[in-house]
Amino acid sequence: MGARPAPLLIFGAVFAAAFVLAALGYFSLRRWEVAAERELRGQARDTAQMAAEKVEMALVRAEQDAIAALQAAALAPDFGAAAVEAWKARHALFDAVYVLDRQGRVLYPVSWTRDEADLVTAMRAEISQGFWDRGGRRHVEVGGHVLLAAVIPGSSRGPLLVGLRRDDQVLHREVLEKTLGGTESPGSLAILDGNGRAVFGSPALDRAEPVLTVPFGEALPAWRVALYPPAGLSPREMVRRQAMIFMAALALLLVVIAGGLVATYRLVRRESEIARLKSDFVANVSHDLKTPLALIRMFAETLEMDRVPDERRRREYYGVLTRESERLSRLIDNVLDFSRIESGGQRYQIAPGPVEPIVHEVIESFRHPLHQQGFTVDVTVEPDLPDVPLDGDAMKQALANLVDNAMKYSGDRRHVRVAARRDGAGVAVEVADDGIGVPLSERERIFEKFYRVGRSETQGRRGSGVGLALVKHIVEAHGGRVTVDGRPGEGSCFTLHLPGGS
């Protein structure tokens, strides 16, 4: 009889341990739900704002082209209804055109309905005398429609007021589908009109609540970009599934408490580490994407507003736009290629080719940032290097990642050396810098995904953590290898060893 309480005591201890773990698991899941919700909203906001900006830019560009074409037609001495009809045939985005002179006479259309007469009257009321004198264009909301109003000077009839009304079906086909057709988002993206109806993308389903909505600018007032969580991937649903798995694990813990505790500890630790790495990856990639986007937008707006009268400076700005767009493409290619590598879908088109043009092309693409940041670059290519089997685009990407890392971790000694030399029957390409270097203990780990060198040495240096992993994958896919040499504080030298053809 005295020994019988032992099983009860053991069962009580197991039950108490399970209860404590259940409580801890519940609070952990709640915190994870909040973190997942915050991360999802952050990604959704970036995606929605980017989608809104892309649509706005495409629409404004189409409107500018249309106004420019109509202005060119208005300068002709025989400008009239026939010229406007010809213009309408080339610009299907606008289903109605109204042309008035400064005295208020309607030059086009020749005949109009009462509703159109009210629309023209309301548009005139929105246009001030200062706008007639100043010229330009603006969006006017009248009678439930958004009109693009513009003053065209210099015609034979004096300044003309033009009102353009968009065709929503053509807007959907020519602007929304072409601009957002390939957009990747962390959820279902939809464009809602002023009445809340989905005019593009996934419709708002019953009982579906959007993660967030982002408004457009004046070109599409009352329209919004809405993001809905993908089916089965909302934070609450994910937490519910995790809770079910956790309860099953607790049931097993009642039988094998020790094994259950170890398994749970390892699972929580691994999930926490993956969540942290993914969060850092998303934050760093988002930051790296925003930098070239901000520069592109700034220089594009400067050029758009004609604030650069000097042709030389204009060409310089165009060059900056090209280089930053190439930088943006490299960042996006890194992320997409990493995704394909993770899914096992990455393929390379390998054929014999020279290495020298690849080296010079990559250095030329970095010419502006290298000069801007005060780097000196030494490029050495041995003559008569043999052709080696390679995928040109993939090898450019690998070399660009090494040059970008050399710039990022160079510190105060801004000197980059790039060399291509014969390596047996193949070719070796080196990228060296005088930066912080790589400790011997970390030389293997730097090629792991998401891993970044050191702690204090890399503070303030943004990076996705996948660049060197991509480099290793690309070189090994070519049958080669990548090595690193150097000491901390004295710089690093990365070498791509590419084997020759058989």
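Residues numbered from 1 in each chain as written. Predicted model: local features only at pLDDT ≥ 70, side-chain atom pairs only at ≥ 80, totals over all residues. Heavy atoms only, no water.

Draft legend 1. View of the packing of aromatic side chains. One pass over the structure, following the stated rule, counts 1 aromatic pair. On the basis of an interplanar angle of 25° and a centroid distance of 6.0 Å, the ring pair of Trp 87 and Phe 94 is categorised as stacked. A relative accessible area of 0% places Trp 87 in the buried class. (Phe/Tyr/Trp six-rings, centres within 6.5 Å; stacked < 30°, edge-to-face > 60°. Buried < 20%, exposed > 50% of the residue type's maximum accessible area, 1.4 Å probe, protein only.)

Draft legend 2. Here's a closer look at a nonpolar patch on the surface. A cluster of nonpolar side chains, namely Phe 19, Val 20 and Leu 24, defines an oily patch on the protein surface of about 310 Å² accessible area. Within the secondary structure, Val 20 is located in helix H1 (residues 5-74). Given the relative accessible area of 43%, Val 20 is considered partly exposed. (Patch = residues over 30% accessible without salt bridge, like charges linked within 9 Å, V, L, I, M, F, W, Y side chains within 5 Å. Areas by Shrake-Rupley, 256 points an atom, 1.4 Å probe, with all protein chains shown as cover. Salt bridge = Lys/Arg side-chain N within 4 Å of Asp/Glu carboxyl O. Helix = DSSP H or I, 4+ residues; strand = E, 2+ residues; numbered from the N terminus.)

Draft legend 3. Fine view of the pattern of salt bridges. The final tally for this structure, using the stated rule, is 15 salt bridges. Asp 133 is the salt-bridge partner of Arg 102, the closest N and O atoms lying 2.7 Å from each other. Here the residue Arg 102 occupies a position in the loop between strand S1 (94-101) and strand S2 (106-108), and Asp 133 occupies one in helix H4 (residues 129-134), the gap between them amounting to 31 residues. Residue class for Asp 133 comes out exposed when judged on its relative accessible area of 59%. It is possible to trace a salt-bridge network through shared partners that takes in Glu 63, Arg 137 and Arg 166.

Draft legend 4. Examining the environment of Val 120 more closely. Within the element layout of this structure, Val 120 appears in helix H3 (residues 114-126). Accessibility expressed as a relative area gives 10% for Val 120, which makes it buried. Residues Val 120 and Val 106, 14 residues apart in the sequence, show an inter-C-alpha distance of 8.6 Å. With residues up to four places along the chain from it excluded, the contact list for Val 120 reads Tyr 98, Leu 100 and Val 106. (Contact = heavy atoms within 4.5 Å.)

Draft legend 5. Local environment of the side chain of Thr 179. Among the structural elements, Thr 179 can be located in helix H5 (residues 168-180). From its side chain, Thr 179 meets the backbone oxygen of Val 175 in a polar contact 2.6 Å long. Not counting residues up to four positions away in its chain, the partners in contact with Thr 179 are Lys 54, Val 55 and Ala 58. (Polar contact = N/O pair within 3.5 Å; in protein donor to acceptor, adjacent residues only side chain to side chain.)

Draft legend 6. Main features of the sheet that holds strand S11 (residues 376-381). Sheet architecture is open: 5 strands sit in the order S11-S13-S14-S16-S15, paired in mixed fashion. Either end of the sheet is taken by a strand with one partner, and the two such strands are S11 and strand S15 (481-485). Sheet twist, expressed as the average angle between the axes of neighbouring strands with direction ignored, equals 15°. In terms of strand pairing, S11 meets strand S13 (residues 415-423) through 6 bridges, oriented parallel. The residue of S13 that forms the bridge with Thr 376 is His 415. Strands in contact with helix H11 (residues 392-408) are S13, strand S14 (426-433) and strand S16 (493-498); relative to S14, the strand with the most contacts, it is inclined by about 25°. Along the sheet, helix H12 (residues 467-477) contacts S15 and S16; its crossing angle with S16, the most-contacted strand, is approximately 25°. (Pairing = 2+ DSSP bridges. Axes fitted to C-alpha atoms, helices over the stretch in contact; angles between N-to-C directions.)

Draft legend 7. Region of the structure containing the sheet that holds strand S4 (residues 145-152). Read from one edge to the other, the open sheet built from 5 strands follows the order S2-S1-S5-S4-S3, with strand pairing classed as antiparallel. The two strands at the open ends of the sheet, each matched to only one other strand, are S2 and strand S3 (136-142). Strand-to-strand twist in this sheet, taken as the mean axis angle between neighbours without regard to direction, amounts to 30°. Sheet topology places S4 next to strand S5 (residues 160-166); 6 bridges connect them, and they run antiparallel. Paired with Ala 149 across the bridge in S5 is Gly 163. Helix H2 (residues 81-90) contacts S1, S2 and S5 of the sheet and is inclined by roughly 150° relative to S1.

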